[in-house]
Amino acid sequence: MPAPPDVAEIKSHIDEALHGIELEPEETAAILGFANEEVPHLQTPETSYLVLGSFRSPYIRRLRLIENELNKRIGSYAFVLGDLREIDSERLPVFRIRFYIIASYADAIAAVYEQDAGGEVTELGKISETPFFEDTYVFPRDYAWMTDRRLETKTDAFAAANRIAGNADLDDDGVQAELETVVENARSNGIAISLDEINDSIEQRDSDVASYSWVHLNEFRLFELHGRCFPWSEPADLRSAVDRIP
């Protein structure tokens, strides 16, 4: 086991998380106890992957999927933030502290999104900024940017179709008309896909289509422009997308 983390370095991460709040001695002891237990696992030659997302059911299943896939790699240590021990403090925002300490030592971050509510919303704001942005990969379910040129794969087309099918402002005829447009645009981009395949993908969905705020879409787009946004529609798509994390 490596030596305990450098105290001065840990304190700098705490200061960053809390913006200079002065700590009581017992609070400092609790935080350093957390760091001494959890950080050494990230100071080994293994490549460490911090997995973020909703810890509630059924979303936790997708976090476990990514965690398990990454742990199949030789020399890898993937873990879910919600599995780590808590920091005992009623006064402090302990989630921020845990996140800043652990994310600062992880080699890469994988974040899964299926909704625009919950704790993962605040995580998205953190990982899209320095110093975490460059090491982060996002996996938003049913995400597609608003331009036809984003239909580059069948997954893109299925995501767009599922979002159309979930649009409460469209009647059945309107949905089918929009789906036909998706097929036409996909084919114009060289994707071999049929309307029957599109309709089958919609019928086989095991949950409601994910929807996101404009803020979420912009954050996903930023990662997309940097080649680190991997949309998915079904768990099988997510499993394949994990392979794109270095």
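See the structure printed just above.
Figured I'd write up the structure that's included with this text.

### Considerations on helix H7 (residues 172-188)
Helix length check: H7 (17 residues) gives 24 Å between terminal C-alpha atoms against 24 Å at 1.5 Å per residue, within 8%. All buried positions along H7 are accounted for by Gly174, Val175, Leu179, Val182, Val183, Asn185 and Ala186. Looking at the buried residues of H7, the elements they touch are helix H6 (154-165) and helix H8 (195-203). Capping of H7 at its N-terminal end is provided by Asp171; its side-chain oxygen lies 3.3 Å from the backbone amide nitrogen of Asp173. Taken from the residues just after H7, Gly190 is the one with a positive phi, measuring 85 degrees.

### Structural notes on unusual backbone geometry
For residues besides glycine, phi is generally negative; the peptide bonds are generally trans as well. Cis peptide bonds are those with omega within 30 degrees of zero, and the linkage from Ser57 to Pro58 qualifies with 5 degrees. Tracing the sequence through the fold places Pro58 in the loop between strand S1 (47-52) and helix H3 (60-71). In this structure, the amide linkage connecting Thr130 to the following residue, Pro131, adopts the cis form with an omega of 10 degrees. Tracing the sequence through the fold places Pro131 in the loop between helix H5 (120-127) and strand S4 (136-140). For His19, which is not a glycine, the phi torsion comes out positive at approximately 55 degrees. Despite not being glycine, Asp142 has its phi angle at roughly 65 degrees, a positive value.

### A few points about the packing of aromatic side chains
For any pair of aromatic rings, the description consists of the separation of the ring centres together with the inter-plane angle of the planes. Taken as a whole, this structure holds eleven aromatic pairs when the rule is applied. Both rings, one in Phe99 and one in Tyr100, keep their centres 5.7 Å apart while their planes meet at 85 degrees; by these two values the pair is edge-to-face. For the pair Phe99 and Tyr100, one class covers both residues: buried. Ring geometry for Tyr212 versus Phe220: centroids 5.1 Å apart, planes at 90 degrees, classification edge-to-face. By relative accessible area, Phe220 is classed as buried at 0%. Site record: aromatic cluster; members linked through ring pairs are Phe95, Phe99, Tyr100 and Phe132. In this structure, Arg228 is placed above the aromatic ring of Phe133, and the distance from its NZ or CZ to the ring centre is 4.4 Å.

### Re the environment of Arg56
In this structure, Arg56 sits in the loop between S1 and H3. Given the relative accessible area of 42%, Arg56 is considered partly exposed. For the pair Arg56 and Leu222, spaced 166 residues apart in sequence, the C-alpha to C-alpha distance is 26 Å.

### A closer look at the environment of Glu234
Tracing the backbone through its elements, the reader meets Glu234 in the loop between helix H9 (214-225) and helix H10 (235-242). Residues Glu234 and Gln204 lie 30 residues apart in sequence; the distance between their C-alpha atoms is 9.4 Å.

### Details of the nonpolar core
Residues Leu50, Ile101, Ile102 and Ile127 are the most contacted members of the largest nonpolar core, which totals 43 residues. Contributing elements (two or more residues each) for this core: helix H1 (7-18), helix H2 (25-38), S1, helix H4 (94-105), strand S3 (108-113), H5 and H9. Top element by residues in this core is H4. It accounts for eight residues. Setting aside its immediate chain neighbours within four residues, Ile101 contacts Ile10, His13, Ile14, Ile31, Phe34 and Val39.

### Details of the sheet that holds S3
Read across the open sheet, the four strands follow the order S2-S1-S3-S4; overall the sheet is parallel. Both edges of this open sheet fall to strand S2 (76-80) and S4, since each of them pairs with a single strand only. If you compare each strand with its neighbour and ignore which way they point, the axes differ by 20 degrees on average. Summarising the sheet, S3 and S4 pair through five bridges and their orientation is parallel. Of the residues in S4, the one forming a bridge with Ile109 is Thr136. Taken strand by strand, H3 contacts S1, S2, S3 and S4, and its axis lies near 170 degrees from that of S2.

Criteria and thresholds
Residues numbered from 1 in each chain as written. Predicted model: local features only at pLDDT ≥ 70, side-chain atom pairs only at ≥ 80, totals over all residues. Heavy atoms only, no water. Helix = DSSP H or I, 4+ residues; strand = E, 2+ residues; numbered from the N terminus. Expected span 1.5 Å × (residues − 1). Buried < 20%, exposed > 50% of the residue type's maximum accessible area, 1.4 Å probe, protein only. Contact = heavy atoms within 4.5 Å. Polar contact = N/O pair within 3.5 Å; in protein donor to acceptor, adjacent residues only side chain to side chain. Phe/Tyr/Trp six-rings, centres within 6.5 Å; stacked < 30°, edge-to-face > 60°. Lys NZ or Arg CZ within 6 Å of the ring centre and 35° of its normal. Core = buried A, V, L, I, M, F, W, Y, C linked by side-chain atoms within 4.5 Å. Pairing = 2+ DSSP bridges. Axes fitted to C-alpha atoms, helices over the stretch in contact; angles between N-to-C directions.

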